[in-house]
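For reference, the chains in residue letters:
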Amino acid sequence: MSKILLSGDEAVAWGAIHAGCCISAAYPGTPASEIQETVARSGTNVPFYWSVNEKVAYEVCLGASYANQRALCSMKHIGLNVAMDPFINSTFTGVNGGLVLAVGDDPSMYSSQNEQDSRILALFAKTFCLEPSDSQEAYEMARAAFELSESLHLPVLLRMVTRICYGEGPVQFSPERPPNNTVRLEPDRKRWVVVPSHARMLHKALNEKQADLAAISEQSPFNQMRLNLKSRKRGIIASGIAYLHARQHWDGDSSLLKIGTYPLPMKMIGEFLDYCEEILVVEEGEPLIEKSLARLSPKVHGKLDGTFPREWEMTPDLVAQGLKLPYSPPPAEIDLPQRFPGFCAGCGYSKSFAALKRLGAPVVNGDIGCYSLAVFPPLETIDTIVCMGASIGMALGLAYVGVKKPVAVLGDSTFFHAGLPPMVDAVHNQADLLILILDNETTAMTGGQPTPACAGEGVRSVSLEQVLGGFGVPFRIFNPYRPDAELDQIFREAYQQAGPFVLISRSECLTEVKRRKS
Amino acid sequence: MNKVDIVIAGVGGQGNLLLAKLIAEAALLAGLEAKRSEIKGLAQRGGPVQSLVKIGEQVWSPLVERGQADLLLGLELVEALRNVQFLSSTGHAIVSRNFVPTPLPFSQPEMLARAQQRGFILISALDLAKQAGNAQSTNIVILGAASHFFPFGPELFQEALRKNVKRFLEENLKAFQLGREILPTP
């Protein structure tokens with residue numbers, strides 16, 4: 001078969017499918033949503049589940065893995081914070097069927113709240129991590145990750161970054177391995193139950209396993225060392241997509257060490273360190289490789305000594321400057337008008353935000369979704385955005401300390417994801433809040449994945465009204481396309497209620513309507 | 001060498017990503033390697049959209065270095081100007097006269113004047129797209145005009161169009177031709 005053009009996300013999905021993956025679970029998040037989208041559209045019979053959040057997605061995969069099934073879990077980097085609880089404990093319990101966790105980091109924060117580095121979280125959990133540099137490697141590493149996961153009995157993290165996820169390059173498939181769909185369940189309480197007496201033993205076993213992880217890393221074909229036998233002057237250590245930036249500028253005069261696995265192959269790195277007089281480390285995210293060397297030698301350069309900036313993505317431009325190559329782009333065009341991203345024309349969300357702005361509440365706590373666009377002009381309505389579900393939790397804190405009726409705004413998918421627990425607190429404590437749920441009947445920002453309220457073949461709608469009714473919180477549903485005067489009255493009346501009150505602005509996402517028609 | 005580094009600049013909804021895909025597929029049909037890179041998500045909601053395509057015998061980094069782009073394809077004036085740093089001293093900027101207003105009061109004549117100062121090749125892409133029968137095809141008009149600057153013939157772009165475009169195919173093929181005819185073969 002000839003090569004085809006695939007994005008890194010697509011390559012991971014196909015790698016998993018060709019490795020005999022039996023189940024895929026995910027919560028959408030840029031830049032990783034397209035991994036499960038690809039599984040969904042693959043035309044294979046691999047079952048996929050859009051879970052309510054990343055924690056549940058990971059637990060779904062862990063459960064399947066215990067039953068000896070190969071499972072693919074995908075999420076954005078920040079989603080791993082939500083899934084951290086089961087993830088970190090799963091390295092204690094271990095896995096049976098291969099469990100691969102593909103995480104999309106977002107250096108430069110094109111669509112994210114932070115640029116945390118998932119390699120560090122893999123090492124924190126004491127498990128193995130693979131970092132591809134292009135689509136071909138994403139495909140191969142996804143396949144290798146399943147094998148490694150089963151041989152180590154550990155979940156394996158595949159660390160992607162936005163430019164890999166959404167970068168498209170040629171991929172050559174290799175022969176498929178059929179899925180092993182035979183469920184084999186052999187409960188093993190000493191491994192699967194992390195009560196303290198078991199966990200103490202499991203931690204010891206995990207620590208003992210670390211030598212195996214290190215040995216695999218030393219032997220891995222994903223790490224490659226090329227020593228320049230004629231000159232010891234300079235060496236470059238590079239990983240992931242940053243390796244390609246370095247490779248673009250590599251002239252053969254420097255020695256080159258490509259890193260693709262973690263824990264790091266420290267013997268190989270030590271040899272490289274001894275061989276080269278000066279070393280430049282090029283990596284995406286935190287100076288993880290560099291830190292492991294810098295304390296050994298002052299001849300290491302990278303982000304710690306200021307050769308490269310500590311924030312934002314690596315580029316070939318930065319590598320050129322780090323290598324002191326000629327670099328003189330034309331002057332930038334200065335004084336150009338800024339262009340803020342905005343709501344799609346006619347979006348119901350913008351109507352609700354305009355009404356909220358006219359209401360003039362002292363503080364509006366926002367959340368994660370399309371509606372974060374209401375931060376920008378002309379709406380400029382949202383005062384805080386921290387993380388999924390934080391709108392209600394933080395409004396609670398403000399209300400508890402005496403701020404007059406804070407407003408929390410979040411979308412339908414975000415409400416299900418992380419808004420349910422703080423809503424329980426709001427009702428239980430009868431906190432004086434107005435909660436505005438923007439219900440567009442989809443997960444819009446990430447491309448229109450279904451929410452738990454969506455009905456469909458084989459799934460039942462979890463109704464927002466029934467959930468709120470069960471909580472015993474008063475609510476009112478309105479159509480945001482009503483005239484401004486009516487909207488103002490709805491908001492005023494809701495705001496005058498004592499205790500928690502929920503307004504639901506309901507109108508289908510226009511982009512989804514368009515997508516369905518085309 | 002056969003190396004062509006391309007930066008495509010526009011705003012959401014202008015067919016930026018399709019343009020990048022067509023170039024990458026045409027390069028693949030020519031037996032070259034191609035990589036492309038784009039940003040989705042929040043950035044796409046009416047904000048600036050930038051696609052990068054690199055083709056050649058061997059492509060390493062998918063990112064175009066500033067000062068190294070052989071082609072800057074602009075679907076909108078302000079966004080083309082915003083990406084001018086990528087253009088190499090021997091490169092060509094092929095830019096639509098299209099102007100999408102911004103929240104601040106900048107005018108199209110001012111942007112056109114700045115584009116001319118930069119030596120952009122300005123194309124009335126919207127007029128040509130309408131002439132071809134589909135106002136949405138401005139991206140394909142720009143592709144046609146740019147097609148002179150690739151190490152392979154226009155037939156590969158046409159083949160990529162046939163493979164990837166289902167709606168308004170005839171209009172798009174015409175838009176490509178009109179774009180190509182607007183510039184002399186270099």
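Residues numbered from 1 in each chain as written. Chains lettered and ligands numbered in written order. Predicted model: local features only at pLDDT ≥ 70, side-chain atom pairs only at ≥ 80, totals over all residues.

Novice: I'd like to hear about the environment of A:Ala345, residue by residue, with values.
Specialist: Position of A:Ala345 among the secondary structure elements: in the loop between helix 13 (316-322) and helix 14 (348-359). On a C-alpha basis, the gap between A:Ala345 and A:Ile334 in space is 29 Å, while along the polypeptide they are 11 residues apart. (Helix = DSSP H or I, 4+ residues; strand = E, 2+ residues; numbered from the N terminus.)

Novice: Run through the pairing of strand 2 (residues 23-26) of chain A, naming residues and quoting values.
Specialist: Residue and element names in this part refer to chain A. On strand 2, burial covers both faces: Ile23 and Ala25 on one face and Ser24 and Ala26 on the other are all buried. Pairing analysis gives four bridges linking strand 2 to strand 4 (residues 71-76), with the strands arranged parallel. The residue bridging Ser24 from the neighbouring strand is Leu72, located in strand 4. As judged from the three bridges shared by strand 2 and strand 3 (residues 48-50), these two strands associate in the parallel manner. Each bridged residue has a counterpart across the sheet, and for Ser24 the counterpart in strand 3 is Phe48. (Buried ≥ 20, exposed ≤ 12 C-beta atoms within 10 Å, placed from the backbone. Pairing = 2+ DSSP bridges.)

Novice: Can you explain the packing of helix 1 (residues 8-18) of chain A against helix 6 (residues 135-152) of chain A? Please cite residues and give values.
Specialist: Residues and elements named next belong to chain A. Where helix 1 contacts helix 6, the axes come no closer than 7 Å and their chain directions differ by 30°. Considering the angle they form, helix 1 stands roughly parallel to helix 6. Taken as a pair, helix 1 and helix 6 cross one another with a handedness that is right-handed. Facing helix 1, whose interface residues are Gly8, Ala11, Val12, Trp14, Gly15, Ala16 and His18, helix 6 presents Ser135, Ala138, Tyr139, Glu140, Ala142 and Arg143. Here the residues of the contact of helix 1 with helix 6 are counted per class, giving seven nonpolar, four polar and two charged. (Axes fitted to C-alpha atoms, helices over the stretch in contact; angles between N-to-C directions. Parallel < 35°, antiparallel > 145°, perpendicular 65-115°, else oblique. Left-handed = near helix turned anticlockwise from the far one by under 90°. Contact = placed C-beta atoms within 7 Å. Nonpolar A, V, L, I, M, F, W, Y, C, P; charged D, E, K, R; others polar.)

Novice: Before we move on, could you go through helix 5 (residues 138-146) of chain B and cite the residues and values that matter?
Specialist: A large share of helix 5 of chain B lies buried, amounting to nine of its nine residues. Restricting attention to buried positions, one finds in helix 5 of chain B the residues B:Thr138, B:Asn139, B:Ile140, B:Val141, B:Ile142, B:Leu143, B:Gly144, B:Ala145 and B:Ala146.

Novice: Kindly report on the packing of helix 1 (residues 16-29) of chain B against helix 5 of chain B, identifying the contributing residues and their values.
Specialist: Residues and elements named next belong to chain B. Between helix 1 and helix 5, the shortest axis-to-axis distance is 9 Å and the interhelical angle comes to 35°. Crossing hand, helix 1 versus helix 5: right-handed. For the pair helix 1 and helix 5, the contacting residues are Asn16, Leu18, Leu19 and Leu22 in the first and Asn139, Ile142 and Leu143 in the second. Considered class by class, the residues forming the contact of helix 1 with helix 5 number five nonpolar, two polar and no charged.

Novice: Quick rundown of the domain arrangement of chain A? Include the residues and the values.
Specialist: Residue and element names in this part refer to chain A. Taken domain by domain, chain A comprises domain 1 (4-219), domain 2 (224-322) and domain 3 (348-517). Here domain 1 and domain 3 have C-alpha centroids that lie 32 Å from each other. Between domain 1 and domain 3, the contact holds 11 residues from the first and 11 residues from the second. Taken together, the residues of the side of domain 1 that touches domain 3 break down into five nonpolar, five polar and one charged. (Domains from an automatic or database assignment.)

Novice: So what's going on with the interface of chain B and chain A? Residues and values would help.
Specialist: Across the contact, 37 residues belong to chain B and 35 residues belong to chain A. Looking at the side of chain B that touches chain A, the elements with two or more residues in it are helix 1, strand 2 (33-38) and helix 2 (77-82) of chain B. Split into classes, the residues belonging to the side of chain B that touches chain A amount to 18 nonpolar, eight polar and 11 charged.

Novice: Explain the nonpolar core to me, using residue names and the numbers behind them.
Specialist: Soluble globular proteins: nonpolar side chains tend toward being buried together. In terms of nonpolar packing, the biggest core is built from 152 residues, with A:Val100, A:Leu158, B:Leu72 and B:Ile142 touching the most fellow members. Of the residues forming this core, the biggest block, eight residues, is contributed by helix 6 of chain A. Discounting residues that sit within four places of it in the chain, B:Leu72 has contacts with B:Val7, B:Ala9, B:Ala80, B:Asn83, B:Val84, B:Phe86, B:Leu87, B:Gly91 and B:Ala93. (Core = buried A, V, L, I, M, F, W, Y, C linked by C-beta atoms within 7 Å.)

Novice: Tell me about the environment of A:Glu283, and name the residues and values.
Specialist: Tracing the sequence through the fold places A:Glu283 in the loop between strand 13 (278-282) and helix 12 (288-294). A tally of 25 C-beta atoms within 10 Å means that A:Glu283 is categorised as buried.

Novice: Tell me about unusual backbone geometry, and name the residues and values.
Specialist: Residues and elements named next belong to chain A. With an omega dihedral of 10°, the bond running from Thr30 to Pro31 counts as a cis peptide bond. In this chain, Pro377 is followed by Pro378 through a cis amide linkage whose omega measures 5°. On the secondary structure map, Pro378 appears in the loop between strand 15 (364-365) and helix 15 (390-400). In the Ramachandran plot, Met109 falls in the positive-phi region, its phi being about 55° despite a non-glycine side chain. Mapped onto the elements of the fold, Met109 is located in the loop between strand 5 (99-105) and helix 5 (118-124). One non-glycine residue, His153, lies in the positive phi region at around 55°. Looking at the secondary structure, you find His153 in the loop between helix 6 and strand 7 (156-161). Note on His153: 18 C-beta atoms within 10 Å, which makes it partly exposed.

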